[in-house]
Amino acid sequence: MKKIRIWDLPLRAFHWLLVIAVVALVVTSEIGGNAIEWHFKIGYFVLALLFFRIIWGFVGGYWSRFSHIFYAPSTIVAYLKGQDKPAYHAGHNPLGSLSVWAILLLLILQVTSGLFSDDEIAFIGPLAQFVSSTAIQKLTHYHKEIGKTILIILIILHVAAIAYYKIKKNNNLITPMLNGDKSLPDDLPASKDNIYTRMLALVILGIGLGIAYYVNQL
């Protein structure tokens, strides 16, 4: 057993920035009024973060890549039946991967629908001009009611799962997401995490911020 770098710094930064941003989005949506202006700004930031995560899923550290988060249905069934592997204790296990995919997909749908939404008071999404009023109403309803509710439920389940692993299985999932390391068998690969990968991450995030700014200007 030795300490192995599992979560590279860019992935950890993405995770905690996303946590803060999603909480802020929920709070500003509940406050309403002038807070909606911040809701839109934070939404654009989340758009940039999601762009980063998608690209990082192909070029990031070993355990950050989608190829190590995607599991075949048969593998998930086998895991639920008790089949275990050392790699499942490094990155996301087959069941945890489903949570990651679900949250990412819901966030993409939530941000996208927000870009088409209209609060009928002062703010309207930059992409609303490209669709019909009926589509705007449906997307706004999804964004404010359906998507928001499902996303909050998924996040609560995600947090509950983390607490379960800590209490019942003595598996701390929070600390590795803070320092990046886990004590694992020394034959498992480590994620590359150096100055070059971090500079690459900044470039990708910069492109994402540029895309978000462009969308905002439409």
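Look up: the structure comes first, before these words.
What you see is a predicted model, and the numbers here were worked out from it, not measured in a lab.

Peer 1: I'd like a rundown of the nonpolar core, residues and numbers included.
Peer 2: Ile 6, Phe 14, Leu 18, Val 46, Phe 52 and Leu 107 are the most contacted members of the largest nonpolar core, which totals 43 residues. The element that contributes the greatest number of residues to this core is helix 2 (residues 35–59), accounting for 11 residues. When near neighbours in sequence (up to four residues on either side) are disregarded, Val 46 contacts Leu 18, Ala 21, Leu 25 and Val 111. The next biggest cluster of nonpolar side chains, apart from the first, holds 5 residues, and it includes Tyr 71, Tyr 79, Tyr 88 and Tyr 165.

Peer 1: Give a detailed account of the pattern of salt bridges, specifying residues and quantitative values.
Peer 2: Enumeration according to the criterion identifies 6 salt bridges in this entry. One salt bridge connects Asp 181 with Arg 5, and the closest N-O pair in it is separated by 2.6 Å. With Asp 181 in strand 2 (residues 181–184) and Arg 5 in strand 1 (residues 2–5), the pair connects residues that are 176 residues apart, well separated along the chain. We classify Arg 5 as partly exposed; its relative accessible area is 23%.

Peer 1: Hey, could you go over the pairing of strand 2 for me, with residue numbers and the actual values?
Peer 2: The side-chain alternation of strand 2 yields one buried face, formed by Lys 182 and Leu 184, and one unburied face, formed by Asp 181 and Ser 183. Relative to strand 2, strand 1 runs antiparallel, the two being bridged by 4 bridges. Bridge assignment links Lys 3 to a residue of strand 2, and that residue is Ser 183.

Peer 1: Could you give an account of the packing of aromatic side chains, with specific residues and numbers?
Peer 2: The way to describe two aromatic rings as a pair is by their centre distance and the angle between their planes. Within the structure shown, the criterion is met by 9 aromatic pairs. Ring geometry for Tyr 62 and Trp 63: centres 4.8 Å apart, planes at 75°, overall edge-to-face. A relative accessible area of 31% places Tyr 62 in the partly exposed class. On the basis of relative accessible area, Trp 63 is assigned to the buried category, the value being 4%. Considering the side-chain rings of Tyr 164 and Tyr 165, the 5.8 Å spacing of their centres and the 85° angle between planes classify their relative orientation as edge-to-face. Residue class for Tyr 164 comes out partly exposed when judged on its relative accessible area of 45%.

Peer 1: Run through a nonpolar patch on the surface, naming residues and quoting values.
Peer 2: Taken together, the side chains of Ile 54, Phe 58, Val 59, Ile 108 and Leu 200 make up a nonpolar region of the molecular surface, amounting to roughly 410 Å² of accessible area. In terms of residue count, the dominant contributor to the nonpolar patch is helix 2 (3 residues). As for its placement among the helices and strands, Phe 58 is situated in helix 2. In this structure Phe 58 comes out as exposed when scored by relative accessible area, which is 56%.

Peer 1: Could you give an account of the packing of helix 2 against helix 7 (residues 195–216), naming the residues involved and the relevant values?
Peer 2: Each pair of packed helices gets described by two things: the angle between the helix axes and the distance between those axes. Where helix 2 meets helix 7, the closest approach of the two axes is 8 Å, and the angle between their N-to-C directions is 140°. Taken together, the axes of helix 2 and helix 7 lie oblique to each other. As helix 2 packs across helix 7, the resulting crossing turns out to be right-handed. Listed contacts from helix 7 to Tyr 44, Phe 45, Leu 47, Ala 48, Leu 49, Phe 51, Phe 52, Ile 55, Trp 56 and Val 59 of helix 2 are Thr 197, Leu 200, Ala 201, Ile 204, Leu 205, Ile 207, Gly 208, Leu 209, Ile 211, Ala 212, Val 215 and Asn 216. A breakdown of the residues in the contact of helix 2 with helix 7 according to their chemical character gives 19 nonpolar, 3 polar and no charged.

About the cut-offs
Sequence positions are assigned chain by chain, starting from 1 and proceeding in written order. Whole-chain, interface and lining totals are the exception, using all residues; otherwise, since this is a predicted model, local features are given only for residues with pLDDT of at least 70 and side-chain atom pairs are given and counted only at 80 or more. Computation of side-chain values: all heavy atoms of the structure, hydrogens and water removed. Throughout, nonpolar core names a set of buried Ala, Val, Leu, Ile, Met, Phe, Trp, Tyr and Cys residues whose side chains join them through atoms within 4.5 Å. Partly exposed describes any residue whose relative accessible area lies between the buried limit of under 20% and the exposed limit of over 50%, with all areas from a 1.4 Å probe on protein chains only and scaled to the type maximum. The helix count covers DSSP runs of H or I at least four residues long, the strand count covers runs of E at least two residues long, and both are numbered beginning at the N terminus. Here a residue-residue contact requires only that any non-hydrogen atoms of the pair lie within 4.5 Å. One speaks of a salt bridge when a side-chain nitrogen belonging to Lys or Arg is within 4 Å of a carboxyl oxygen belonging to Asp or Glu. A pair of strands is labelled paired if DSSP reports no fewer than 2 bridges between them. Each Phe, Tyr or Trp ring (for Trp, its six-membered ring) is paired with any other whose centre lies within 6.5 Å, and the angle between the two planes then decides the class: stacked below 30 degrees, edge-to-face above 60, tilted in between. Each patch is built from residues that are more than 30% exposed by relative accessible area and take part in no salt bridge. Like charges join if they lie within 9 Å; nonpolar side chains (Val, Leu, Ile, Met, Phe, Trp, Tyr) join within 5 Å. To be clear on the numbers: accessible area is Shrake-Rupley with a 1.4 Å probe, and residue cover counts the displayed protein chains and nothing else. Here, axes are lines fitted to C-alpha atoms. For helices the fit covers the stretch in contact, and angles between N-to-C directions go from 0 to 180 degrees. The scheme is simple: roughly parallel for angles under 35 degrees, roughly antiparallel for over 145, roughly perpendicular for 65 to 115, oblique for anything else. Take the far helix as the reference: if the near one is turned anticlockwise from it by less than a right angle, the crossing is left-handed, and if turned clockwise, right-handed. Residue classes follow a fixed rule: Ala, Val, Leu, Ile, Met, Phe, Trp, Tyr, Cys and Pro count as nonpolar, while Asp, Glu, Lys and Arg count as charged, and any other residue, Gly among them, counts as polar.

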